[in-house]
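One-letter residues, chain by chain:
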Protein chains: 2
Amino acid sequence: MRRTTKKNWVGFDLGGTKMQACVYNDTFTCLGRKRKKTLGHEGSEAGLARIVETINKALNEANVAAASLGGIGVGCPGPLDLNKGIMIDTPNLGWKNVKLKEFLEKEFQCPAIIANDVDAGVYGEYRRGAAVGARCVLGVFPGTGIGGGCVYEGKLIRGKKGSCMELGHLQVLPEGPLCGCGQHGCLEAVASRLAISSAAAVAAYRGDAPALLELAGMDLSNIRSAALRKSIEAGDHVIEQIIREAARWLGVGIANIINLLSPDVVVLGGGLVEALPHLFLEVVTETARAHVMPAYVKSFQVLISKLGDDATTVGSACLARDAVLEE
Amino acid sequence: MRRTTKKNWVGFDLGGTKMQACVYNDTFTCLGRKRKKTLGHEGSEAGLARIVETINKALNEANVAAASLGGIGVGCPGPLDLNKGIMIDTPNLGWKNVKLKEFLEKEFQCPAIIANDVDAGVYGEYRRGAAVGARCVLGVFPGTGIGGGCVYEGKLIRGKKGSCMELGHLQVLPEGPLCGCGQHGCLEAVASRLAISSAAAVAAYRGDAPALLELAGMDLSNIRSAALRKSIEAGDHVIEQIIREAARWLGVGIANIINLLSPDVVVLGGGLVEALPHLFLEVVTETARAHVMPAYVKSFQVLISKLGDDATTVGSACLARDAVLEE
């Protein structure tokens, strides 16, 4: 392990709809940040140019010279080749075979790494968020799908080339609804934000969720976390029931993983959880405790993400620093 | 890490019905071995005396002096306090709070460690058996229950104090048969040797498995691996069907864990698998490939245990050596 003399780090979150760059000092205080739309449909070349622009604007805001960067970490949607730093094929951006690590290293003349966005988020929570100091952290982030990651004794558990912890595809109900992956009853098919939105749209159609109908209509792309929360506040009891049922399945899936990996901390995050933290904390904790083996009932805590939208930038910057110091 | 000058190691397998000690040289060639019945009902004090006697007889056979031992490793049934080396409470022996590590260190004047028996077996397969060199190994050993373990980048994944990887309690069928743990449809309730034997007994009772009835009757304690294999060879097709169905569930459970941990090697072991290796290899491989996410279909191999009954002794001796060298 070598000591670095460089002091600043960029963490980058490359999302399906927006991207964010944060510049951190060596103790991970954010010195500057910049957000832009991703506009994946414009292609990867335009996308790479936007990434550079976003990083440069964040550096400007932070009043930090690129020459002072110790490294850049980027959390991106998979599948990835983590060793080579390549985005293999990203369906929701339409990008293929993007050599992001190589590109950034040339552009900024410093080491770069890429990580799965959820992995980076879980690592961020472990290093600077809700799970600091935990021996084993399971992160669960329900969104369009359900992202998962695990930090075990200080390191992210990963596959040979890419990330793993595909807990959205834990099959909790073998006769359940068809999942995008081709199986039935995956956790994602019963507990993702998309599964919730689709059940909520049905309730709206039936006239059982008048507030939601008024707020967001029946189009799944409009039935997002804030609309769901507001409709509950406005009295749509059925929406609360739908989300409690989804949270119950999350708890069942999490219990199965606790029986395997015995995490001491389970971190829940993502927009939906952050919109309704008390509901998720209560239902997931209760269900998980009821479903784990007796020896594990008191072995874990369920916590809500502390870093929110910054988890991925913090985590990817930490991973970049780790990689440089380990070399 | 320090080099040891001691050259010999004891691996010990403390089972519910029998115990075995093996003496290994520094490259894990077995120099001597001894088996005895465990006779757990005689109590832990008598049990500890039998353990010492068994180790001493193995040392005699190996012509190795206790003074030349680098360490002793014992694979035992859980739950354990791995850090303190205590068998907390072992229902199938009736022993409680046995300070095995401390006892052996005094008795043999060398370092001792304890490990979960299945973990030790998986580690043995990783170090000297079917999974040598694998980045991530998942071991699955169906027996009375279903044991599991995982070696990830050279180290066993474990809980804070005890082992984890309780894959027998992965809930594969939420409306399925009641499991001993209180949940429904755990893998153990549909795919363990005990689940198979109970379905086989029903078939025998109904007159559908005449060979099994003749060989073993309807008593679950007699319907063991060899009887099941022989009844299939004698033409009891229904017994083959029952075992194929159990192996299919094993494959489903394993697929779920592949989606989480992305092992490159899955090792199947235990008496039942060793009695019918081709059947298990075929059905588990096929089912797991059909149930994992597309990205993982070609990412793993299913293999049969190479060390058989010696996996736990080899693995626990390796763990003892690791512990001494790491100090």
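Residues numbered from 1 in each chain as written. Chains lettered and ligands numbered in written order. Predicted model: local features only at pLDDT ≥ 70, side-chain atom pairs only at ≥ 80, totals over all residues. Heavy atoms only, no water.

1. Points about the domain arrangement of chain A
Residue and element names in this part refer to chain A.
- Examined at the domain level, chain A breaks down into domain 1 (8–124 + 310–326) and domain 2 (131–305).
- Look at where the C-alpha atoms of domain 1 and domain 2 centre, and you get two points 27 Å apart.
- Domain 1 puts eleven residues into the contact, and the matching count from domain 2 is 15 residues.
- Taken together, both faces of the contact between domain 1 and domain 2 bury some 1100 Å²; the carbon and sulfur share is 61%.
- Per-residue buried area on domain 1 facing domain 2 is highest for Leu82, Asp119 and Val122; these three make up 45% of the total on that side.
- Across the contact surface, domain 1 and domain 2 share one salt bridge.
- Between Lys155 and Glu326 there is a salt bridge whose closest N-O contact spans 3.0 Å.
- Applying the counting rule to domain 1 against domain 2 returns five residue pairs in polar contact (both at pLDDT 80 or more).
- Contributing elements (two or more residues each) for the side of domain 1 that touches domain 2: strand S5 (80–81), helix H3 (117–128) and helix H11 (311–326).
- Sort the elements by how many residues they give to the side of domain 1 that touches domain 2 and H3 lands first, with four residues.
- When grouped by side-chain class, the residues that make up the side of domain 1 that touches domain 2 number six nonpolar, two polar and three charged. (Domains from an automatic or database assignment. Contact = heavy atoms within 4.5 Å. Buried area = accessible area lost by both parts, 1.4 Å probe. Salt bridge = Lys/Arg side-chain N within 4 Å of Asp/Glu carboxyl O. Polar contact = N/O pair within 3.5 Å; in protein donor to acceptor, adjacent residues only side chain to side chain. Helix = DSSP H or I, 4+ residues; strand = E, 2+ residues; numbered from the N terminus. Nonpolar A, V, L, I, M, F, W, Y, C, P; charged D, E, K, R; others polar.)

2. Some thoughts on a nonpolar patch on the surface
Residue and element names in this part refer to chain A.
- Where nonpolar side chains cluster on the molecular surface, the patch consists of Tyr205, Leu213 and Met218 and spans about 350 Å² of accessible area.
- Considering the arrangement of structural elements, one finds Met218 in the loop between helix H6 (210–216) and helix H7 (225–233).
- With a relative accessible area of 43%, Met218 lands in the partly exposed category. (Patch = residues over 30% accessible without salt bridge, like charges linked within 9 Å, V, L, I, M, F, W, Y side chains within 5 Å. Areas by Shrake-Rupley, 256 points an atom, 1.4 Å probe, with all protein chains shown as cover. Buried < 20%, exposed > 50% of the residue type's maximum accessible area, 1.4 Å probe, protein only.)

3. Section: the relation of the copies chain B and chain A
- Overlaying chain B with chain A gives an RMSD of 0.0 Å, the required rotation being 180° about an axis along which the chain moves by 0.0 Å. Taken together, the rotation and translation relating the two chain copies correspond to the operation of a two-fold axis.
- Both copies share a contact surface, since 100% of the interface residues of chain B are interface residues in chain A too. (Least-squares fit on C-alpha atoms with pLDDT ≥ 70 in both.)

4. Regarding the pairing of strand S4 (residues 69–76) of chain B
Residues and elements named next belong to chain B.
- For S4, the tally of buried residues reaches eight of eight residues, placing the bulk of the element in the interior.
- Across six bridges, strand S1 (residues 8–14) lies against S4 in parallel orientation. If you follow Trp9 over to S4, its bridge partner there is Gly71.
- Direction of pairing for S4 relative to strand S8 (residues 112–116): parallel, over a ladder of five bridges. Across the sheet, the residue bridging to Gly75 is Ala115, located in S8. (Pairing = 2+ DSSP bridges.)

5. Points about the side chain of Thr285 of chain B
Residue and element names in this part refer to chain B.
- With respect to the helices and strands, the residue Thr285 is situated in helix H10 (residues 277–291).
- Exposure remark for Thr285: the relative accessible area of 17% places this residue in the buried category.
- There is a polar contact of 2.5 Å between the side chain of Thr285 and the backbone oxygen of Leu281.
- Once you skip the residues sitting within four places of it in the chain, Thr285 turns out to touch Phe280 and Val302.

6. Let's talk about empty space enclosed by the protein
- Applying the stated criterion to the full structure yields two cavities of 30 Å³ or more.
- There is about 50 Å³ of room inside the largest cavity.
- The element best represented in the lining of the largest cavity is helix H8 (residues 237–261) of chain B, accounting for four residues.
- In this structure, the second largest cavity encloses a volume near 40 Å³.
- Around the second largest cavity, the lining residues are Ala255, Asn256, Asn259 and His291 of chain A together with His169, Gln171, Cys181, Gln183 and Cys186 of chain B.
- A per-class count over the lining of the second largest cavity returns three nonpolar, six polar and no charged. (1 Å grid on protein atoms, 1.4 Å probe; cavity = no way out; pocket = protein on both sides within 12 Å on 5 of 7 lines; lining within 4 Å. Points joined across faces, edges and corners; volume = space filled by probe spheres on them.)

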